[in-house]
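A look at the structure
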Amino acid sequence: MGRSYFVEESIQNYLLSLSNNFNQKHVTGILIGQTSTARDFIIQAIQTPPKEEPFQNPSKKKGFHLDETDEEWITEHARQVSRMLTGGLAILGVFLIVPPTLSKEASNMLRRLVFAVDTSVTRWKVVKLSEEEVYDRVTVQMCSETKKVNCRTFDVKDPLSSPKPADWKYQNGVSSTWPLLQCNVEVDLRLPVIASFVEQNGLKNWALKMEKCYYLINGQMRDPDKEILEVHKKNSRASAHRECFSIQLLVPLMQDDQGDCMAMVQECSKNIILKGVVHCKAYIHSNKPTVADAVRALKRDLLDTISIRYEMLFEDVFSSNEDERGKGQKIDHALPQRVFVQASSSDILSCDYIFRDETFIEVKERFKEMFDCEVSEDKVDLLQETVSVPAVCPDVEICQEHSSMVLGKNVEKQKTAGVALAIGVALLALAASFFYFSD
């Protein structure tokens with residue numbers, strides 16, 4: 001028996017709307033949701049934004065085949081959207097709306113797309129899925145005339161996997177009771193940069209350390225195998241609304257199996273210091289989620305948001321500030337601020353990243369293009385992270401001692417060996433410092 005997909009009812013209306021206004025050769029899009037051992041959940045469908053095509057004389061147009069679909073455009077859209085998802089959410093598949101004349105070609109096209117999209121959205125991840133997690137991804141084919149839906153899954157871990165039938169069931173309020181997990185994390189990282197390209201080994205080492213973090217849930221230790229909602233089961237009213245959990249991550253000292261502190265000497269051309277406090281959010285399904293499932297979703301949100309900003313920093317700085325590179329010079333930059341956006345009919349939040357010179361207008365335009373939705377200003381939370389402006393320190397000798405002190409108010413310096421990564425209300429976005437060394 002195949003997997004079961006419980007799908008938000010609003011998606012049915014969305015797909016019908018796309019098929020009723022069908023004036024294209026075909027419509028492609030992605031499906032967002034969350035997996036669990038027994039069943040999967042789809043909470044949002046987003047069509048691929050149209051790509052501007054060069055003008056072509058209608059009289060010279062030939063018959064269209066799905067093989068002509070711009071696969072690179074579709075996968076790039078999926079990659080961009082995946083960076084805007086909060087913890088626990090992922091792109092679980094693709095959909096395709098075609099006329100009856102192209103229905104035979106659609107199956108092969110969907111197979112290629114679902115593998116290409118998965119490769120695109122997982123390539124930038126610092127931490128990959130573990131062996132015990134779900135690798136099935138869904139393809140949905142809809143006929144533009146009959147409105148019939150054909151749902152199949154592929155195991156993306158196996159390039160030769162054959163399609164399996166799956167159940168596609170619409171349900172109201174799929175994510176309305178999903179628990180929300182929140183955590184404020186203080187980050188203090190010094191990352192070596194090899195040559196002049198983005199090298200993620202430093203981030204990967206830090207990610208492994210964070211994966212081994214201990215945690216407190218609402219200030220208490222919890223058994224990782226227990227259900228996170230177990231405490232609230234006796235209260236019938238508690239299941240009717242979203243539960244919120246505050247998480248603290250407790251970082252152990254970096255040690256190897258013999259108990260010796262690990263150290264590594266590495267030659268590098270630059271140093272990057274990331275320092276600040278980030279706000280993390282994650283959602284976990286309500287189908288008997290364990291404590292381990294919930295904490296893993298939150299940790300991955302932490303790792304993803306740091307990795308995304310790290311890449312955005314390189315894209316911004318190394319493309320526009322070539323003239324600032326100097327021997328022994330230090331340059332301070334404020335990393336993009338994370339903002340949270342309600343971009344669907346549910347109150348599940350997505351996110352965006354804005355630089356200091358950007359406003360709500362840029363957020364609105366990006367969500368219109370990436371999520372195919374209009375976002376009002378009251379649906380955007382700009383206050384979870386408040387950017388502190390770092391001061392430029394030109395003297396490298398002084399900077400090496402004080403370069404990381406770019407946090408603003410409301411953040412207390414932690415000096416203990418096992419640092420409890422703080423939970424608070426006011427947050428500061430990350431700031432980055434660069435040190436350039438001579439060859």
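Below or above, wherever it landed, is the structure these notes cover. (Residues numbered from 1 in each chain as written. Predicted model: local features only at pLDDT ≥ 70, side-chain atom pairs only at ≥ 80, totals over all residues. Heavy atoms only, no water.)

What to know about helix α6 (residues 360-371)
If you check α6, its first and last C-alpha atoms are 16 Å apart, about what twelve residues at 1.5 Å a residue would give, namely 16 Å. Among the residues of α6, those classed as buried are Phe360, Val363, Phe367, Met370 and Phe371. Buried positions in α6, seen along its axis, are confined to an arc of 105° and lie on one side of it. Close packing links the buried residues of α6 with β2 (27-35), β3 (40-47), α2 (71-82), β14 (337-342), β15 (349-354) and β16 (380-381). Asp372, located one to two residues past α6, shows a positive phi value of around 55°. (Helix = DSSP H or I, 4+ residues; strand = E, 2+ residues; numbered from the N terminus. Expected span 1.5 Å × (residues − 1). Buried < 20%, exposed > 50% of the residue type's maximum accessible area, 1.4 Å probe, protein only. Arc of directions from axis to C-beta. Contact = heavy atoms within 4.5 Å.)

Overview of the sheet that holds β15
Spatially, three strands are ordered β15-β14-β16 in an open sheet, and the strand pairing comes out antiparallel. Where the open sheet ends on each side, the last strands, each with one partner, are β15 and β16. Where β14 meets β15, six bridges bridge the pair, whose relative direction is antiparallel. Following the sheet pairing, Gln337 is matched in β15 by Ile354. Lying on the sheet, α6 is in contact with β14, β15 and β16; it crosses β15 at an angle near 125°. (Pairing = 2+ DSSP bridges. Axes fitted to C-alpha atoms, helices over the stretch in contact; angles between N-to-C directions.)

Concerning the pattern of salt bridges
By the definition in use, this model includes 17 salt bridges. Notably, a salt bridge pairs Arg242 with Asp347, separated by 2.4 Å at the nearest N-O pair. Taken together, the residues Arg242 in the loop between β10 (214-217) and β11 (244-251) and Asp347 in the loop between β14 and β15 connect sequence positions 105 residues apart. Ionic pairing is found between Glu385 and Arg309, a salt bridge with its closest N-O pair at 2.8 Å. Within this pair, whereas Glu385 is found in the loop between β16 and α7 (396-402), its partner Arg309 is found in helix α5 (residues 291-320), the two being separated by 76 residues in sequence. (Salt bridge = Lys/Arg side-chain N within 4 Å of Asp/Glu carboxyl O.)

A look at empty space enclosed by the protein
Here the structure, examined in full by the defined rule, presents two cavities of 30 Å³ or more. Here the largest cavity is characterised by a volume of approximately 40 Å³. If you trace the largest cavity, you find it lined by Ile32, Ile43, Gln44, Leu85, Leu89, Ala343, Ser344, Ile348 and Ser350. The class makeup of the residues in the lining of the largest cavity is six nonpolar, three polar and no charged. Approximately 30 Å³ is the volume attributed to the second largest cavity. (1 Å grid on protein atoms, 1.4 Å probe; cavity = no way out; pocket = protein on both sides within 12 Å on 5 of 7 lines; lining within 4 Å. Points joined across faces, edges and corners; volume = space filled by probe spheres on them. Nonpolar A, V, L, I, M, F, W, Y, C, P; charged D, E, K, R; others polar.)

Focus on the environment of Ala166
By secondary structure assignment, the location of Ala166 is in the loop between β7 (164-165) and β8 (167-171). Separated by 162 residues in sequence, Ala166 and Ser4 have C-alpha atoms that sit 5.8 Å apart. What Ala166 contacts, discounting residues up to four positions off in sequence, is Arg3, Tyr5, Cys151, Arg152 and Thr153.

Considerations on the environment of Met370
Within the secondary structure, Met370 sits in helix α6. Residues contacting Met370, with those up to four places away along its chain left out, are Ile46, His77, Gln80, Val81 and Met84.

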